[in-house]
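These are the residues of each chain, in order.
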Amino acid sequence: FLLHYIRRFVCHREAPYHQPKLTHGERVARCYRFMHMTCVESQAYKEYTEGHYRSVYTNDKRSRNYNTLSGEYEHAQEEQCRYLLNCAKLKVKRSDSKSEKSAAKPVFLDCGCGYGSLLLAAKNERNADVTGLTLSVEQRDFCRDLGLEKVAVRSFTELTTTFAENTFDAVIANGCLEHLVSIDEAIADNGNAAYADQLAQFYRVLKPGGRLVVTMIHFRGDCDPRKVKRHCWEFLVESVTWCHSVLVGFYSGWYPSRNAFAEIGTSDAIGFEIERNDITTDHYLVTSMEWRKRFRAAMSTWHGIRVCCWAFAKELFCDPIFAYYCLAYNWGCVWTWQFEDQKQNGTGNGELLLLSPMIHRTIVFRKPKQ
């Protein structure tokens with residue numbers, strides 16, 4: 001009902017409605033400001049990236065029956081931190097001098113650090129000197145309350161102007177690079193150039209032999225950004241293009257296709273080596289199902305209803321189009337949709353089971369020692 005009402009409100013106004021003129025970074029920050037209110041302040045959850053579920057490997061891939069794993073959520077989030085830090089080879093480095101018993105701290109950068117879970121794990125478990133970047137003021141303040149002072153509100157596209165060459169032993173970009181390319185850049189076919197520029201910046205700030213760990217969603221096939229650019233109410237609700245449009249409108253980002261990011265990183269122009277390229281879509285599916293469950297549980301309390309309604313009302317007043325995306329995302333289950341296998345009517349009496357529209361990858365790059 002609300003989706004229908006907002007659609008009529010925006011489409012049938014006498015004067016044409018114009019969205020606020022925001023930069024790409026401001027749109028991403030607006031998304032996370034809304035999620036802070038609806039997810040964190042409502043006490044639903046505060047993790048925006050997947051957990052690492054050991055039980056996924058023993059479950060039935062075809063049935064996608066992962067509901068029994070939801071009790072592992074907190075443990076899976078902790079395991080994900082350990083998994084990423086292990087991928088980055090982030091260990092306490094012993095001094096070369098035999099007379100010194102102290103250990104030299106590895107220097108670690110977390111791009112898109114969220115609420116600091118990975119930074120805390122690196123600081124406490126790996127004795128690392130940690131730095132975090134985020135576009136969210138709320139996330140920065142939360143991290144500093146945890147004692148993580150070196151967290152700044154800054155774009156990860158500014159690495160070369162912020163840090164010196166060969167600064168970090170390890171860099172992790174956990175679920176943030178999906179925001180790197182805007183849909184306008186994708187339409188102009190500048191997406192791969194943006195990825196190459198970002199990877200070159202990562203390469204520059206890493207020490208020789210350092211690791212870059214990237215977790216990132218990819219389109220399984222090709223998707224035309226020109227079609228998705230149109231407002232999502234022009235499409236049939238819950239159609240593939242409608243879901244793509246909601247994701248882009250809410251998160252303000254565009255995914256690479258297939259294995260494009262890894263291919264760009266290992267090109268001669270960049271120079272990374274690949275240590276591993278894992279498909280972790282199932283882990284993200286389990287996590288997304290748990291997010292949906294926790295969000296709906298929060299909406300069953302008066303506190304959750306009040307917080308979410310207030311957040312939605314503010315967006316409805318400022319930008320009804322973005323409010324439509326917010327509502328479609330939170331109540332339309334679009335985030336979970338992209339990792340689920342899709343059922344379509346096949347020939348005969350059976351159904352055709354298609355693979356999920358998106359793939360989630362964990363890619364480990366290594367900067368060669370010179």
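Residues numbered from 1 in each chain as written. Predicted model: local features only at pLDDT ≥ 70, side-chain atom pairs only at ≥ 80, totals over all residues. Heavy atoms only, no water.

Details of the sheet that holds strand β8 (residues 273–279)
Then step 1. Strand order in the open sheet formed by 7 strands is β5-β4-β3-β6-β7-β11-β8, and the pairing between neighbours is mixed. Two strands bound the open sheet, and with one partner strand each, they are β5 (151–153) and β8. Ignoring strand direction, the axes of neighbouring strands in this sheet form an average angle of 15°.
Then step 2. The pairing of strand β3 (residues 107–111) with strand β6 (residues 168–174) spans 4 bridges and is classified as parallel. Residue pairing in the sheet places L109 in a bridge with V171 of β6. (Pairing = 2+ DSSP bridges. Helix = DSSP H or I, 4+ residues; strand = E, 2+ residues; numbered from the N terminus. Axes fitted to C-alpha atoms, helices over the stretch in contact; angles between N-to-C directions.)

Some points on the packing of aromatic side chains
Then step 1. Overall, the coordinates contain 25 aromatic pairs when judged by the stated rule.
Then step 2. Between Y324 and Y325, the aromatic rings sit 6.4 Å apart at their centres with planes inclined by 75°, giving edge-to-face as the arrangement. The two residues Y324 and Y325 agree in class, both being buried.
Then step 3. Ring centres 5.8 Å apart and planes at 80° place the aromatic pair W335 and F339 in the edge-to-face group.
Then step 4. Judged by relative accessible area, which is 1%, F339 ranks as buried.
Then step 5. Sitting over the face of the ring of F322, R30 holds its NZ or CZ atom 3.8 Å from the ring centroid. (Phe/Tyr/Trp six-rings, centres within 6.5 Å; stacked < 30°, edge-to-face > 60°. Buried < 20%, exposed > 50% of the residue type's maximum accessible area, 1.4 Å probe, protein only. Lys NZ or Arg CZ within 6 Å of the ring centre and 35° of its normal.)

Some details on the confidence of the model for the protein chain
Then step 1. Mean pLDDT over the protein chain: 84, with 83% of residues reaching 70 or higher.
Then step 2. Between residues 58–64, whose pLDDT stays under 50, and residues either more than four places distant or in other chains, the model counts 12 contacts. (pLDDT = per-residue confidence, 0-100. Contact = heavy atoms within 4.5 Å.)

Quick look at the nonpolar core
Then step 1. Ranked by internal contacts, the top residues of the largest apolar core, which has 86 residues, are C111, F250 and W335.
Then step 2. Residue contacts for F250: discarding those within four places in its chain leaves C31, F34, M35, F322, Y325, C326 and Y329.
Then step 3. Membership of the second largest hydrophobic core comes to 22 residues, among which are C81, L84, L90 and L118. (Core = buried A, V, L, I, M, F, W, Y, C linked by side-chain atoms within 4.5 Å.)

With respect to the packing of helix α13 (residues 302–318) against helix α14 (residues 320–332)
Then step 1. Orientation of α13 relative to α14, taken along the N-to-C sense of each, is 145°, at an axis distance of 6 Å. Across the interface between the two elements, F312, E315, L316 and C318 of α13 pack against P320, F322, A323 and L327 of α14.
Then step 2. Within the contact of α13 with α14, the residues separate by chemical class into 7 nonpolar, no polar and 1 charged. (Nonpolar A, V, L, I, M, F, W, Y, C, P; charged D, E, K, R; others polar.)

Regarding helix α12 (residues 281–298)
Then step 1. Helix length check: α12 (18 residues) gives 26 Å between terminal C-alpha atoms against 26 Å at 1.5 Å per residue, within 8%.
Then step 2. With respect to burial, α12 is a largely interior element, 13 of its 18 residues being buried. (Expected span 1.5 Å × (residues − 1).)

Structural notes on the pairing of β6
Then step 1. In terms of burial, β6 is a largely internal element, 7 of the 7 residues being buried.
Then step 2. Note: β6 against strand β7 (residues 206–219), 6 bridges, orientation parallel. Paired with A173 across the two strands is V214, which belongs to β7.

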